[in-house]
Amino acid sequence: MNTPDISPATPFSPKGQTENTSGKTPSEPSVVISGTGQYLPSKVLTNSDLTKIVDTNEEWILTRTGISERRIAGPTETSGTMAAEAARMAIANSSLQVEDIDLVIVATITPDQPFPSTACHVQTALGMRPIAAFDVEAACSGFLYILDIATAMLRNGPYRHALIIGTEKLSAITDWQDRSTCILFGDGAGAAVLSRSSLHKKKTGILDTTLGADGANGHILQMPGGGCRVPATPDSVSSRQHFLKMNGREVFKLAVKVMEQASLDILARNHLQAEQIHSIIPHQANIRIIEMLASRLKIPMERFFINLDQYGNTSAASIPIALHEARENGFCPSGTNSILVGFGAGLTWGATLLRWP
Ligand code: ACO
């Protein structure tokens, strides 16, 4: 892939909340995806394996979720080490060098430690210059949040190339005694290099993003312990407060609703119809959520990229892993439009519209 044509930094005009103006301001540079990468641990945990851990069966997991297997990180693999591997692949894929990267942002709910940030660990692992590096926590929507943050920072300058990574070691916060959640999650990392480009006249690259959150519904998907509200104590550990807790039915209903609304919003404010979207790359939580979304948007399932059967739900890593595989598998031809859409704990959600160069 060629290095994008870099234009000088121009002042950033904040987007309106109701209408995208990015295509109407020719002085505003585009931001394009110049490279993608992924890392999946080698250990595979199948549905059959799970029947030996909790009271479940292969058919229930497959029919209720669409998941056949997931990857589980080894003891020395962390969100940081997996992020670094995905980042190396994304930088190589962009034909850039590590020294070209001006900014690192990581999205994760399973950081290597509360601080320093996982982004700082990645910076060290890759031997990067002393560039800005920080983490963002928006659960499964995290990659869409950092994509919007990085896009704004690139448009505003002086940054030219940003490395954004979604990475998770969810197996570390999964309650392996809870059959309603442990069947869903997997580990992995996905990365993208975003670059400021002078391709604005073709209206190419990241065209628009909508983000949202509903903190009042935070309790339906949370990890109670580990923060300052419930610090680690013998009691918090024995009462299993350091594991993910979820009301699956409630999350399911809200997930469909917010992803549908985010997709409709991004279409409406960019004056597009659903049939003008060539591909949708959704958060990979449950095939039934995606099927319901497809039905409500009246977009055939063939246009949705799916890999949750192999990896399960990898939270913030889910969309960038799918993005990488979609791009590698010819799912995103030049000149076509894609929507990335997701939801997660918070609750949070988002949708990004992009056009492939
Ligand atoms: N094996 C067998 N039976 C099970 C299992 C299991 N692993 N888990 C639950 N069941 C049983 C339940 O006990 C229940 O039995 P009952 O009817 O006798 O009470 C029955 O199956 C139905 O349970 P539900 O919870 O109603 O099952 P549902 O069809 O809702 O599927 C699921 C559960 C898969 C969790 C679904 O609700 C879902 O996908 N929700 C959304 C999850 C999600 O997307 N989370 C995002 C998290 S990402 C993040 O931000 C970290």
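Treat the numbers as computed from the prediction; the structure is a model and nothing was measured. (Residues numbered from 1 in each chain as written. Predicted model: local features only at pLDDT ≥ 70, side-chain atom pairs only at ≥ 80, totals over all residues. Heavy atoms only, no water.)

**Student:** Got a minute to help me understand the site of the ligand in this structure?
**Tutor:** Around the ligand sit 27 residues in total, of which Thr 56, Arg 64, Cys 140, Arg 249 and Asn 286 are the nearest. Here a nitrogen atom of the ligand and a backbone polar atom of Arg 179 are 3.0 Å apart. Note that an oxygen atom of the ligand is positioned 2.4 Å from one of the side-chain N or O atoms of Arg 249. Coverage of the ligand by the protein chains reaches 78% of its 1,000 Å² of free accessible surface. Among the secondary structure elements, those contributing two or more residues to the shell around the ligand are helix 2 (58-65), helix 6 (179-182), helix 8 (248-269), helix 9 (287-297) and strand 12 (337-344). For the shell around the ligand, the element with the highest residue contribution is helix 8, accounting for four residues. (Near = heavy atom within 4 Å. Polar contact = N/O pair within 3.5 Å; in protein donor to acceptor, adjacent residues only side chain to side chain. Areas by Shrake-Rupley, 256 points an atom, 1.4 Å probe, with all protein chains shown as cover. Helix = DSSP H or I, 4+ residues; strand = E, 2+ residues; numbered from the N terminus.)

**Student:** Explain the pairing of strand 13 (residues 348-355) to me, please; I cannot follow it from the model alone.
**Tutor:** Within a regular beta strand, the side chains point alternately toward one face of the sheet and then the other, so they alternate between its two faces. Burial analysis of strand 13 places seven of its eight residues in the buried class, the great majority of the element. Sheet topology places strand 8 (residues 205-213) next to strand 13; eight bridges connect them, and they run antiparallel. Among the inter-strand pairings, Gly 212 is bridged to a residue of strand 13, identified as Trp 349. In the sheet, strand 12 pairs with strand 13 via eight bridges, with the strands oriented antiparallel. Residue Gly 344 lies in a different strand from strand 13, and its bridge partner there is Thr 348. Counting the residues in the hairpin turn of strand 12 and strand 13 gives three residues, including Gly 346, whose phi is positive at 145°. (Buried < 20%, exposed > 50% of the residue type's maximum accessible area, 1.4 Å probe, protein only. Pairing = 2+ DSSP bridges.)

**Student:** Which parts of the structure should I look at to understand the sheet that holds strand 6 (residues 161-169)?
**Tutor:** Where strands meet in a sheet, backbone hydrogen bonds hold them as pairs that are either parallel or antiparallel. Ordered in space as 1-7-6-4-5, the five strands form an open sheet in which the pairing is mixed. The sheet is open, and its two edges are formed by strand 1 (30-39) and strand 5 (132-136), each paired on a single side. Strand-to-strand twist in this sheet, taken as the mean axis angle between neighbours without regard to direction, amounts to 20°. Sheet topology note: the strand 4 (residues 103-107)/strand 6 ladder contains five bridges and is parallel. Along strand 6, the bridge assignment pairs Val 106 with Ile 165. Strands strand 1, strand 6 and strand 7 (187-197) of the sheet are contacted by helix 3 (residues 79-93), whose axis makes an angle of about 125° with strand 1. Across the sheet, helix 11 (residues 318-328) is in contact with strand 1, strand 6 and strand 7; its angle to strand 1 comes to roughly 100°. (Axes fitted to C-alpha atoms, helices over the stretch in contact; angles between N-to-C directions. Contact = heavy atoms within 4.5 Å.)

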